[in-house]
Structures are given as C-alpha cells and as structure tokens.
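Fold and geometry: a report
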Amino acid sequence: MALFQSSTRTIPDAPGVPCHIAIIMDGNGRWAKQRFLPRVAGHQRGVETVRDVVGACRELGIAYLTLFAFSSENWRRPAEEVSFLMQLFLKMLEREVARLHDNNIRLKIIGDRRHFDDKLNGRIAEAEQLTANNTSLTLTVAANYGGRWDIMQAVQAMLRARPELAANFGEAELEPYLSMHYAPEPDLFIRTGGEQRISNFLLWQMAYTELYFTDTLWPAFNREALQAAIRSYQTRERRFGRTSEQLRGEQLQNEQVQGTKDR
Ligand code: IPE
Ligand code: IPE
Ligand code: MG
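Within each chain, residue numbers correspond to sequence positions counted from 1 in written order. Chains carry letters from A onward and ligands carry numbers from 1 onward, assigned in written order. Thresholds applied to this predicted model are a pLDDT of at least 70 for local features of residues and 80 or more for the giving and counting of side-chain atom pairs; totals over whole chains, interfaces and linings are not thresholded and use all residues. Hydrogens and water are ignored here; the side-chain numbers use all heavy atoms of the structure.

1. Topic: unusual backbone geometry
Excluding glycine, most residues fall at negative phi; most peptide bonds, likewise, are trans. This is how the line gets drawn: Only runs of H or I of at least four residues qualify as helices and only runs of E of at least two qualify as strands under DSSP, and these elements are numbered from the N terminus. Only protein chains enter the calculation, and the probe is 1.4 Å; a residue is then buried if its accessible area is under 20% of its type maximum, exposed if over 50%, and partly exposed in between.
Phi angles above zero are rare outside glycine, and serine 199 is one such case at about 45 degrees. Looking at the element boundaries, serine 199 is found in the loop between strand 5 (188–191) and strand 6 (210–213). Here the phi dihedral of phenylalanine 240 falls at roughly 45 degrees; this positive angle occurs in a residue that is not glycine. Looking at where phenylalanine 240 falls in the secondary structure, it is placed in the loop between helix 7 (223–234) and helix 8 (244–262). Look at phenylalanine 240 and you get buried, because its relative accessible area is 13%.

Take a look at the structure:
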C-alpha cells in the first residue's frame, strides 16, 4: 500500500523569525465599548494597529503577513456595521496603497469577491496590479474569506480546469487552486481579543501552524506585543509528527555537514 503523502512540510525550520504570520485581528468592538464609544470607533482605531504591525513585520524581515479583516460570517452583523467595514476597506485601499507601494510591499486580497460592488473590486484589482512586483513583504488581507469557502472554491476551480482529476486527486493537485497558493503555510498564528478559536480562518493552511492567543484587544496591540508572540514562537519545537530525538539527530547531522563545508 502506498503511504499517504501529506503536503504539509516535513522539514521543520530552525526557530528563527517566522516566514509567514497570520493574524485574527479581534477585539475592536470591546475596545470601543470599554471607552463608551460606538463599535465602529474600534474598527477605525484598529487601522492604526494594522499600520504599526505591517511596518514592524517589514522591519523584522517577515516575508508574509496575512490579516483577517472580514469573515464570510461577518455579514451576519448589523447592516450599519457591515457597511462601515466595507467603506473602511475601500478607504484603506484608496489611501494606503501608495504608501505600501513606496515601501515595496506586495498587496494581495483573498476571499469571495462576488459580494463586493464594482468600485471596490476595481480598487482591489488596481492595488494588486500596482504592487504585484514588490519584493519586501507580501501583505494579504482576507476579506469575505472563510476557510471552508476556500477549500470548496479550490475543488470547483480545479475540476473546471482539469475535469479528468474528478476520479482521483491528491493534495498536490488541489493546492495550486487554494487562495494562498503563492505563500508558504503560516508558521505563526496570532489571535488578539482573548477568544481561543480559528473562526473559519485558514483551515487548510494552518494544519501545522503554531498558535498564539493574547487577551490584548486589537486596537491596543502593537510592535512589542508582536515581538512577544514571536518570542513565544521561538521557544516552540515544531515536530511535524516526528519525535524530539529525531529532530535533534537531524540537527546534529546538519551541523556536521555545515562543519565540513566550512572547513
Ligand atoms: C474584529 O473585531 C474585527 C472584525 C471582525 C471585522 P470585532 O468587531 O469582532 O470586536 P469584538 O470581538 O466584538 O470585540
Ligand atoms: C473573526 O472575528 C473574524 C475577523 C477578525 C475578521 P469574529 O469576531 O468575527 O469571530 P467570532 O464570531 O468571535 O468567532
Ligand atoms: Mg470579535
């Protein structure tokens, strides 16, 4: 019997700076409520945290940052809040893209765009096009995104393009059709706001991601808090199913190979 081949990486990275950080930016509403402000004031303030964290990631040499801005379930919120969030997203695209471009940042938007109006979809396309060849940080914003939607749309897109795969396909065949095919899987997941759940974020991609939860509300999150999350990540041993002893053996071997090269 052939062994089941998982596409999850099998060689754990040495615990340096994570290559890909994915964040659920939660707690905006509670931050506002604590200050007797309307919930939307929390979303507004959360934008400043986004700027701070994007800048910090660029400086720290993080290659990929993925932010959950609006989930496929967030449509269930009061209409005024949904409409405010859509307006804020549009405004961000209009105001911030030039700055992202100046900083050599590539912007990607993932999620189901069919519910966005033409204006918003136009801005998204322009922003992605303008920044497509930038090489410092890849910033992905997940908007009207759901992990289950992602897997379903990937299966559908794959079968449209390659109907012969219907009878038999594996992870490697499906992966090019997933929303984040251009990025490695997240190394570190951060959720602010105290809840300890995934809320239908990157379900497929986070199979082996290190999870970090903090009570800090998103508008109060900052560079120092990000660095604390990275420090926690650096203490983890990523085993990808193996034993600690195997990892240490491998490390020793790598050091020996490196030693021979250096000589
Ligand atoms: C996260 O903050 C932002 C979005 C979901 C758009 P919330 O709005 O969920 O804030 P809380 O969880 O109610 O405090
Ligand atoms: C998750 O936060 C989605 C985003 C941050 C965009 P929610 O506040 O919507 O998650 P739940 O409803 O508490 O799980
Ligand atoms: Mg919330």
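2. Digging into the site of ligand 2
Cut-off, in case you're wondering: Nearness here has a simple test: a residue counts as near a molecule or strand if at least one of its heavy atoms is within 4 Å of that partner. What sets the accessible areas is the Shrake-Rupley method with a 1.4 Å probe; for residues, cover comes only from the shown protein chains. Classes in brief: Ala, Val, Leu, Ile, Met, Phe, Trp, Tyr, Cys and Pro nonpolar; Asp, Glu, Lys and Arg charged; the others, Gly included, polar.
Residues in close proximity to ligand 2 include Ile24, Met25, Asp26, Phe68, Ala69, Phe70, Ser71, Asn74, Arg77, Arg191, Arg197 and Ser199, which together make up its full environment. Protein contact buries 78% of the 390 Å² of open area that ligand 2 shows by itself. Grouping the constituent residues of the shell around ligand 2 by class yields five nonpolar, three polar and four charged.

3. A closer look at the pattern of salt bridges
Rules: Take a side-chain nitrogen of Lys or Arg and a carboxyl oxygen of Asp or Glu: if they are within 4 Å of each other, that pair is a salt bridge.
In this structure the tally under the stated criterion is 21 salt bridges. A salt bridge links arginine 114 to aspartate 112; the nearest nitrogen and oxygen atoms lie 2.8 Å apart. Of the charged contacts in the structure, one is a salt bridge between glutamate 210 and arginine 238, with a shortest N-O distance of 3.8 Å. In this pair, glutamate 210 sits in strand 6 while arginine 238 sits in the loop between helix 7 and helix 8, placing the two residues 28 residues apart along the sequence. Of the two residues examined, glutamate 210 and arginine 238, each falls in the buried class. One connected set of salt bridges, linked through shared partners, spans Asp26, Arg30, Arg191, Glu195 and Arg197.

4. A closer look at the site of ligand 1
What counts, and what does not: The definition of a polar contact used here is a pair of N or O atoms within 3.5 Å, where within protein one atom must be able to donate a hydrogen and the other to accept one, and adjacent residues in sequence count solely through side-chain atom pairs.
By nearness alone, 13 residues border ligand 1, and Asp26, Gly29, Arg30, Arg39 and Arg77 come closest of all. Glycine 27 is positioned such that a nitrogen or oxygen atom in its backbone is 3.4 Å from an oxygen atom of ligand 1. When the free accessible area of ligand 1 is taken as 380 Å², the share hidden by the protein chains comes to 87%. Every element with two or more residues in the shell around ligand 1 is listed here: helix 1 (28–34), helix 2 (39–60) and helix 3 (79–102). Considering each element in turn, the shell around ligand 1 owes the most residues, three residues, to helix 1. Considered class by class, the residues forming the shell around ligand 1 number three nonpolar, five polar and five charged.

5. What about the environment of leucine 120?
To be explicit about the condition: We call two residues in contact whenever any of their non-hydrogen atoms come within 4.5 Å of each other.
Turning to its location among the elements, leucine 120 is positioned in helix 4 (residues 118–131). Residue class for leucine 120 comes out buried when judged on its relative accessible area of 4%. Taking the C-alpha atoms as reference points, leucine 120 and proline 184, separated by 64 residues in sequence, lie 27 Å from one another. If near-sequence neighbours (up to four positions away) are discounted, leucine 120 is found in contact with Met86, Phe89, Leu90 and Leu93.

6. Some thoughts on the nonpolar core
Note the threshold: Side-chain atoms within 4.5 Å link the members of a nonpolar core, which is a set of buried Ala, Val, Leu, Ile, Met, Phe, Trp, Tyr and Cys residues.
Within the largest apolar cluster, 41 residues are counted, with the highest numbers of intra-cluster contacts made by Ile21, Ile23, Leu65, Phe89, Leu107, Leu139 and Ile190. At eight residues, helix 3 tops the list of elements feeding residues into this core. Sequence-distant contacts of leucine 139, that is, excluding residues within four places in its chain, are made with Val54, Leu65, Leu67, Leu100, Ile105, Arg106, Leu107 and Lys108. Counting residues in each nonpolar core, the second largest holds 14 residues, with Ala142, Tyr182, Ala183 and Met206 among its members.

7. Some details on the packing of helix 2 against helix 3
Counted only if it meets this: Between N-to-C directions, angles span 0 to 180 degrees; the directions come from axes that are lines fitted to C-alpha atoms, helices contributing only their stretch in contact. Our angle categories are set so that under 35 degrees counts as roughly parallel, over 145 as roughly antiparallel, 65 to 115 as roughly perpendicular, and the remainder as oblique. Note on convention: near helix rotated counterclockwise from far helix by under a right angle means a left-handed crossing. Clockwise means right-handed.
Contact geometry for helix 2 and helix 3: axes closest at 11 Å, N-to-C directions at 25 degrees. In terms of orientation, helix 2 lies roughly parallel with respect to helix 3. Crossing geometry of helix 2 relative to helix 3 is assigned as right-handed. Residue-level contacts link Arg39, Val40, His43, Gln44, Val47, Val50, Arg51 and Val54 of helix 2 to Glu81, Phe84, Leu85, Leu88, Met92, Glu96, Arg99 and Leu100 of helix 3. Along the lines of polarity and charge, the residues of the contact of helix 2 with helix 3 split into nine nonpolar, two polar and five charged.

8. Considerations on the environment of lysine 108
Among the structural elements, lysine 108 can be located in strand 3 (residues 106–110). Looking at lysine 108, the relative accessible area reads 22%, which means it is partly exposed. Setting aside anything within four residues of it in sequence, one finds lysine 108 in contact with Glu128, Thr138, Leu139, Thr140, Val141 and Tyr182.

The analysis is restricted to geometry; functional conclusions fall outside its scope.
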